[in-house]
Every structure is written in structure tokens, then in C-alpha cells.
Amino acid sequence: MELVPRITANLATVNARIAAAAAAAGRVTTDVRLVAVSKKFGPAHIEAAVAAGLQDLGENRVQEALLKQAATSAPRVHWHLIGHLQSNKTRKAAEAFDWIHSVDSVDLLRRLDRAAADCGRSPKLLIQVDLAGEATKHGAPEAEVQRILDAATTCRSVEVRGLMVLPPWSQNPEAARPYFRRLRQLRDDLRASGPDRSRLDQLSMGMSHDLEVAVEEGATMVRVGTALFGPRPPASPTLE
Ligand SMILES: *Cc1c(COP(=O)(O)O)cnc(C)c1O
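Attention in this report is confined to the structure presented alongside it. (Residues numbered from 1 in each chain as written. Predicted model: local features only at pLDDT ≥ 70, side-chain atom pairs only at ≥ 80, totals over all residues. Heavy atoms only, no water.)

**What to know about the pattern of salt bridges**
Per the counting criterion, the structure on display carries 17 salt bridges. Of the charged contacts in the structure, one is a salt bridge between glutamate 95 and arginine 91, with a shortest N-O distance of 3.2 Å. One end of the pair is glutamate 95 and the other is arginine 91, both in helix H4 (residues 90-96) and four residues apart, which spans about a single turn. With relative accessibility at 38%, the residue glutamate 95 sits in the partly exposed group. Take arginine 91: its relative accessible area is 39%, and that puts it in the partly exposed class. Residue glutamate 144 pairs with arginine 147 through a salt bridge whose shortest N-O separation is 2.9 Å. Residue glutamate 144 and its partner arginine 147 are both found in helix H6 (residues 142-152); the two are separated by three residues, about one turn of the helix. Judged by relative accessible area, glutamate 144 falls into the buried class, the value being 17%. What emerges from the salt-bridge pattern is a single network uniting Glu174, Arg177, Arg181, Glu216 and Glu217. (Salt bridge = Lys/Arg side-chain N within 4 Å of Asp/Glu carboxyl O. Helix = DSSP H or I, 4+ residues; strand = E, 2+ residues; numbered from the N terminus. Buried < 20%, exposed > 50% of the residue type's maximum accessible area, 1.4 Å probe, protein only.)

Dropping the structure here:
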């Protein structure tokens, strides 16, 4: 099948899954933003995704996203950085992304704020939380989240809008539920514990195989790749 009809059909399926999960949880579908994870796919997939009606695109590498942005003329797309951000790439990230889901230290937050001020941008940020205590994974330990939020009160150009989690991989979607539930609890506690935290309204959680569980637990953004685009190619075409 052609790219646009295929992505359009996949999008209908994903939207139906989100709608069913939202209805089951007594939530409104429009409160869940679908971030289409286009990593490893080339510009043709980006254009097709936009033609199919997707407006939020997620990439996990800064350089890869820049190459694709240069190669497409997709208008009115919101770009999301969902992968780890190295401190030497903060300037490019601040320029290229509207949302950055992977802030995990006070240092990275401050660098992003300076970079954003320099280039006249105001990206919105999420704190990635390492709820599993996995040393190999990125993300701030729970105890660090409060410190990042405190530091954010003095930021001028960036705004922390919520939390993100990437639970340990499991085929069973139910295995992710405790992590999603904990992230929401943490967000609710943080919101209640500080003044002016009402804008801490975003929860980025859930992927292709467990998005229903995430929506049931309160996700406001789901990051979906495979269910929209199919299996990813082994390498990024734009980087070869
Ligand atoms: C790749 C990726 C996704 C999407 O995964 P799928 O299983 O293809 O939906 C979501 N979040 C992050 C952080 C990713 O790196």
C-alpha cells in the first residue's frame, strides 16, 4: 500500500485505541496528544505522516531530526525530542524542538534555558524520571525531580510542563502499569507541594504496545512509532 493510505489506516486504528481507553477511564480523547515517533524513518515518512493528519513528531536524536527537518517542508508540525540529550547539543535542541521530554538534571535544564534565550526560543520541557532505578537508563532519580523543578523557577526561556517515563521493556503491557501510576502520583504530589505548579499538566507515557494502559493511568502524551509506521528500518537512512 502507498505510504499515505497505510499511515492513515494505522492512524485510525491508533486513534480508536486511544478513544476506547479514554472512554473506559472517563477521560476526554482530546486530552491525549499523539506523538508520532518517526525515528529511523526518512523524510518521505514525515511528509506522509503530516499528509495523514499527524501534527506532532517525535525523534530520539538531535542530528537525525535536523537532517529531516531540512529535507521536509512540513508546515505547522510540533517536534518532540524523546531521546537522551547530550549537554553539547542543547543549543541545537533548543532551536529544533518545541517539546523536550528528556530533561534529567539541573545542569541540562540550565544549559537549555541559556541556549533557548540565546536563540529566542521557548521550548517546553518534561522531566524524564527513572522510576525503575536502572543505572543503564537515562532519567532523573525521583529525588532529583524536586531539585530540577526548584531550579526551573529561575528559568526565563524554558518551562517545565510535566514528567516522562520509559519503563523497562516488557511484552506485557500490564507490566508498565505500576510505572505509569507512580509517575502520575509523583506529578500530583509535586503539583500539590509547590506554589504555581498548575502548569505541570503533562504526562508523557505509553508506546505502541501499552498505550491503553498509559491512557487509563492519565497519559496526556503517548509516543507511538511502530503502530503508525510499521517496523523500523535497522539504520537511519538520512545518516548513512
Ligand atoms: C522509539 C520510542 C518510542 C516508540 O516506540 P514504539 O514501540 O515503536 O511505539 C516511544 N518512546 C521512546 C522514548 C522511544 O525511544
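**Section: the side chain of aspartate 130**
Relative to the assigned elements, aspartate 130 resides in the loop between strand S5 (124-128) and H6. Here the side chain of aspartate 130 touches alanine 132 through a polar contact of 3.4 Å, landing on its backbone nitrogen. Engagement of the side chain of aspartate 130 in a polar contact is seen with the backbone nitrogen of glycine 133, the distance being 3.1 Å. Setting aside residues no more than four positions away along its own chain, aspartate 130 makes contact with His138, Gly139, Ala140 and Pro141. (Polar contact = N/O pair within 3.5 Å; in protein donor to acceptor, adjacent residues only side chain to side chain. Contact = heavy atoms within 4.5 Å.)

**Things to note about the packing of helix H1 (residues 3-24) against helix H2 (residues 43-51)**
Interaxial distance between H1 and H2 falls to 9 Å at its minimum, and their mutual angle equals 55°. Compared by their axis directions, H1 and H2 come out oblique. In terms of crossing hand, the pair formed by H1 and H2 is right-handed. Counting all contacts with H1, which are made through Leu3, Val4, Arg6 and Ile7, the residues of H2 involved are Ala44, His45, Ala48, Ala49 and Ala51. In terms of residue class, the contact of H1 with H2 is built from seven nonpolar, one polar and one charged. (Axes fitted to C-alpha atoms, helices over the stretch in contact; angles between N-to-C directions. Parallel < 35°, antiparallel > 145°, perpendicular 65-115°, else oblique. Left-handed = near helix turned anticlockwise from the far one by under 90°. Nonpolar A, V, L, I, M, F, W, Y, C, P; charged D, E, K, R; others polar.)

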